[in-house]
Amino acid sequence: MAMMKGTSLLVPSVQELAKQAITKVPERYVHPNQDPIVASNTNNSLPQVPVIDLSKLLSDDATELENLDHACRDWGFFQLINHKVNPSIVENMKIGVEQFFNLPIEEKKKFWQTPNDMQGFGQLFVVSDEQKLEWADMFYINTFPLYSRHPHLIPTIPLPFRDHLETYCLELKKILVKIIGSMEKALKMKTNELLEFFEDPGQGLRMNYYPPCPQPENVIGLNPHSDSGALTILLQVNEVEGLQIRKDGMWIPVKPLSNAFVINIGDMLEILTNGIYRSIEHRATINSKNERISIATFHRPQMSRHIGPTPTLITVERPALFKTIGVADYLNGFMLRKLHGKSYIDVVKI
Ligand SMILES: O=C(O)CCC(=O)C(=O)O
Ligand SMILES: [Fe+2]
């Protein structure tokens, strides 16, 4: 069975560190020379990530399908509204994740990463002791397929959060299918040509906790990266700004919009669409006043599958831009490296 491998060095909790009244960030978290933080209120002329209405998409609204197509080609990111996920499901998830991060550290240790395992609390992509760390704790779990779950993680998450999490995961898988189905139409592909890659998809959840920091300009919450999977559905839990995407060389803040999901294209969808839809570099910044919480839910084709440009999207004018690669190979290669912008997709470029 093709499994997700990967390891990351064990690191201490930043949430605990930030509770101490420090005025200076420890050296291991100082990132010199990073691009300055731009807050949306200091620059109102910045363009905004497109907003897409799922209800309109599902009623075959041609204009909205075009809007989706533009969003995926030009932005790789959009905010999804009217998604019809029951607000109580989202609300329960928000409350649950806040309480989960606020458990006493002794409780959380039961969920901490162990050597050679990236699921649990900790950080990802830490490959050396010299590497600068992020100003954040994260909790990563695989949710689907079921065999990729760890017995000591989801089954021991306190109730009712565990049940709320299960419900949430299933709802997001439904959104995945609706979005991919609409993309297939927008790209004028054959029915099921793209969707078939998402039968029984792999799904993983990354919950991010970014504590406030006395020197926010010196730290980074999450290094610039593109997501390796196919489609990420992100929930900005507490409406604190921090997510930024790189567009035309500028960092653009994504304003938290209530009742919306932020959707972004990952590398695997860029490969499948032969580069027509693109994964976009993004990062999370920190501020000095408020904690920030987000939940990224990643979706990918099954580990045993192979992905390459879909035949209909290869033409004389647009020859194949990528080689075919196994999903497990792509993902495992990604997990072994430091996060570094959008550079990893180069391994499959022709
Ligand atoms: O915290 C955020 O808004 C971004 C999270 C993210 O990009 C990720 O977990 O891959
Ligand atoms: Fe991401």
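Please read these numbers as outputs of a predicted model, since none were measured by experiment.

Basis of the calculations
- Residues numbered from 1 in each chain as written.
- Chains lettered and ligands numbered in written order.
- Predicted model: local features only at pLDDT ≥ 70, side-chain atom pairs only at ≥ 80, totals over all residues.
- Heavy atoms only, no water.
- Helix = DSSP H or I, 4+ residues; strand = E, 2+ residues; numbered from the N terminus.
- Polar contact = N/O pair within 3.5 Å; in protein donor to acceptor, adjacent residues only side chain to side chain.
- Contact = heavy atoms within 4.5 Å.
- Core = buried A, V, L, I, M, F, W, Y, C linked by side-chain atoms within 4.5 Å.
- Buried < 20%, exposed > 50% of the residue type's maximum accessible area, 1.4 Å probe, protein only.
- 1 Å grid on protein atoms, 1.4 Å probe; cavity = no way out; pocket = protein on both sides within 12 Å on 5 of 7 lines; lining within 4 Å.
- Points joined across faces, edges and corners; volume = space filled by probe spheres on them.
- Nonpolar A, V, L, I, M, F, W, Y, C, P; charged D, E, K, R; others polar.
- Expected span 1.5 Å × (residues − 1).
- Pairing = 2+ DSSP bridges.
- Axes fitted to C-alpha atoms, helices over the stretch in contact; angles between N-to-C directions.

Draft legend 1. Local environment of the side chain of His-225. With respect to the secondary-structure elements, His-225 resides in strand E6 (residues 222-225). Side-chain polar atoms of His-225 contact the side chain of Asp-227, separated by 3.0 Å. Excluding anything up to four places from it in sequence, His-225 contacts Ile-280, Glu-281, His-282, Leu-339 and Gly-341.

Draft legend 2. Seen up close, the nonpolar core. Counting 111 residues, the largest nonpolar core has Phe-139, Met-183, Met-207, Phe-261 and Leu-269 as its most contacted members. No other element matches helix H6 (residues 161-186), which puts 11 residues into this core. If near-sequence neighbours (up to four positions away) are discounted, Met-207 is found in contact with Met-93, Val-97, Phe-101, Asp-137, Met-138, Phe-139, Ile-141, Phe-161, Leu-165, Ser-294 and Ile-295.

Draft legend 3. Structural context of empty space enclosed by the protein. On inspection of all chains with the given rule, the structure shows three cavities of 30 Å³ or more. Size it by volume and the largest cavity reaches roughly 340 Å³. Lining the largest cavity are 30 residues; nearest its centre among them are Arg-206, His-225, Asp-227, Ala-296 and Phe-298. Those elements giving two or more residues to the lining of the largest cavity turn out to be strand E5 (202-210), E6, strand E7 (231-236), strand E11 (282-284), strand E12 (292-300) and helix H8 (327-335). No other element matches the five residues that E12 contributes to the lining of the largest cavity. Residues that form the lining of the largest cavity fall into these classes: 17 nonpolar, eight polar and five charged.

Draft legend 4. The arrangement of H6 in detail. Spanning 26 residues, H6 covers 37 Å between terminal C-alpha atoms, matching the ideal 38 Å at 1.5 Å per step. Just beyond H6, the residue with positive phi is Lys-188, at close to 55°.

Draft legend 5. Expanded view of the sheet that holds strand E4 (residues 137-144). Pairing within the open sheet is mixed, and its eight strands lie in the order E1-E2-E10-E7-E12-E5-E4-E3. One side of each edge strand has no neighbouring strand; the edge strands of this open sheet are strand E1 (51-53) and strand E3 (120-122). Recorded for the sheet is a direction-independent mean angle of 25° between the axes of neighbouring strands. Relative to strand E10 (residues 261-265), strand E2 (residues 77-81) runs antiparallel, the two sharing four bridges. Opposite Phe-77, over in E10, you have Asn-264 as the bridge partner. This element, helix H3 (residues 62-75), spans E1, E2 and E10 of the sheet and lies at about 145° to E1.

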